[in-house]
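The chain contents come next:
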Amino acid sequence: MGESETPGKLALVAWSDDLDKAWPVLILATTGVAAGMDVSIFFTFWGLRLLQRNDKRMTGKNWMQKMLSIFNRGGADNLKLHKLNFAGMGPWMMHKLAKEHGVASPQELLELAREAGVRLVPCQMTMDLMGISREDMIDGIEQPAGAMSAILEMQEAKATLFI
Amino acid sequence: MGESETPGKLALVAWSDDLDKAWPVLILATTGVAAGMDVSIFFTFWGLRLLQRNDKRMTGKNWMQKMLSIFNRGGADNLKLHKLNFAGMGPWMMHKLAKEHGVASPQELLELAREAGVRLVPCQMTMDLMGISREDMIDGIEQPAGAMSAILEMQEAKATLFI
Amino acid sequence: MGESETPGKLALVAWSDDLDKAWPVLILATTGVAAGMDVSIFFTFWGLRLLQRNDKRMTGKNWMQKMLSIFNRGGADNLKLHKLNFAGMGPWMMHKLAKEHGVASPQELLELAREAGVRLVPCQMTMDLMGISREDMIDGIEQPAGAMSAILEMQEAKATLFI
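Predicted, not measured: the structure shown is a model, and the values here were computed from it.

Regular strands place their side chains on alternate faces of the sheet. Residue and element names in this part refer to chain A. Judged by how many residues are buried, strand S2 (residues 38–43) sits mostly within the fold: 5 of 6 residues are covered. In terms of strand pairing, strand S1 (residues 9–14) meets S2 through 6 bridges, oriented parallel. Looking at the pairing, Val-13 lines up with Phe-42 of S2. The sheet contact formed by S2 and strand S3 (residues 119–122) spans 4 bridges and is parallel. Each bridged residue has a counterpart across the sheet, and for Phe-43 the counterpart in S3 is Pro-122.

Put into structure tokens, the structure is as follows:
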């Protein structure tokens, strides 16, 4: 383990809801846990959509927030590619290739992370900004928290990644 | 504080000039200072535009640099969204939602960061590449520095984030 | 060097194959080595394309993988800009500005990194997913590795950046 004796903490910030970013976040989180680390993911801005329930189509309390949710659908099953999206064909191909090569889907990885004890922390400010309430999100996640909570995680972490 | 006794250093690299990336950079920076950390932000590539004065419309010494500045306007008040930009309507909505929920604007956060002692470091190479001079940027920032300076910050930092 | 006695390790994750992201990855890597650090780059997802040989036009074992390689050409000489790409004019301008200001190209920096002892590690899962084989990639790189290998690097690193 080099300079230290314990595997230590891994602090991830999930800022994006792109399919190709959700993968590294969730693969690093689950691998970190497998390596004995204490892993937390702070879901902020677009990243908060990863914690949204797949069956929640529209979220938000006013028309602007509702509009955001329409153009930017949440849920780990509904992610788009950062590029080469090709009106949905890109993600379809990626999922198909992933399946053929035994790579778990973001939805499967998210469930695995939760079961393995990765702390999934929704950003309170993003919830307010986008009008996403606790009921819009999946079960088994932590209490909503703010930037100060994220900073404290980073201070104790062996490694911090903003993805 | 866990393994250490002091809050330590936080080294941020601001690579992007997207509105949705400027927010996490500046919120983490100001929160880090509030937690007692010594915070620096290295503004590089597109991120350098965050330090540009809002009233500087065009920058650059040759036509290519001027063209870059036209298509990629600088200044913390003029940022676009990474996605859902909708020809300017996305940022307008985001600013409106932020105001309603008490989230400070990037411009306000940048001023707060400067006052609170966050070291704002412009990347010299980017200044050269894009033809941005010291006069194009806001007051109260550090001397331009290079990648070696950023590396030395990272070596001493508790956490390093590339945003 | 602050809290420690040796420059330590720098763990970079290269996720993107954008020209404007390849630059910071490779500039930080080579600067890190110059500062005495032990530097590794884990090339994953789109980032794996940076290790692709410039003369390999098409890669992949099935039609989907081949299609990906056509729309997303690999090789350090063939990178596009994250934004302002302007159908290829943006990268041309950036390369021209870089040359005028003495900034090395990604191809030159990649070769320098390899010579200077930066460990270039291709992500095995991405190779499988995209159908990129060892022969599609440049010489002098490390054995393909997985996420666990990346996590172990991060545990020992002074700084970890996801770019």
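What follows picks up the thread again.
Scanning all chains against the criterion turns up 12 aromatic pairs over all chains. Relative to Phe86(B), the ring of Phe71(A) lies with its centre 4.9 Å away and its plane at 70°, an arrangement referred to as edge-to-face. One end of the pair, Phe71(A), is in helix H2 (residues 63–71); the other, Phe86(B), is in the loop between helix H2 (63–71) and helix H3 (89–100), on a second chain. In this structure Phe71(A) comes out as partly exposed when scored by relative accessible area, which is 39%. Here Phe86(B) falls in the partly exposed class, since its relative accessible area comes to 35%. By way of ring pairs, the aromatic residues Trp23(A), Phe45(C) and Trp46(C) are connected into one cluster. Looking at Lys83(B), its charged tip hangs above the ring of Trp46(A), at a distance of 5.1 Å from the centre.

Calculation criteria
Residues numbered from 1 in each chain as written. Chains lettered and ligands numbered in written order. Predicted model: local features only at pLDDT ≥ 70, side-chain atom pairs only at ≥ 80, totals over all residues. Heavy atoms only, no water. Buried < 20%, exposed > 50% of the residue type's maximum accessible area, 1.4 Å probe, protein only. Helix = DSSP H or I, 4+ residues; strand = E, 2+ residues; numbered from the N terminus. Pairing = 2+ DSSP bridges. Phe/Tyr/Trp six-rings, centres within 6.5 Å; stacked < 30°, edge-to-face > 60°. Lys NZ or Arg CZ within 6 Å of the ring centre and 35° of its normal.

By themselves, these figures tell us nothing about what the structure is for.
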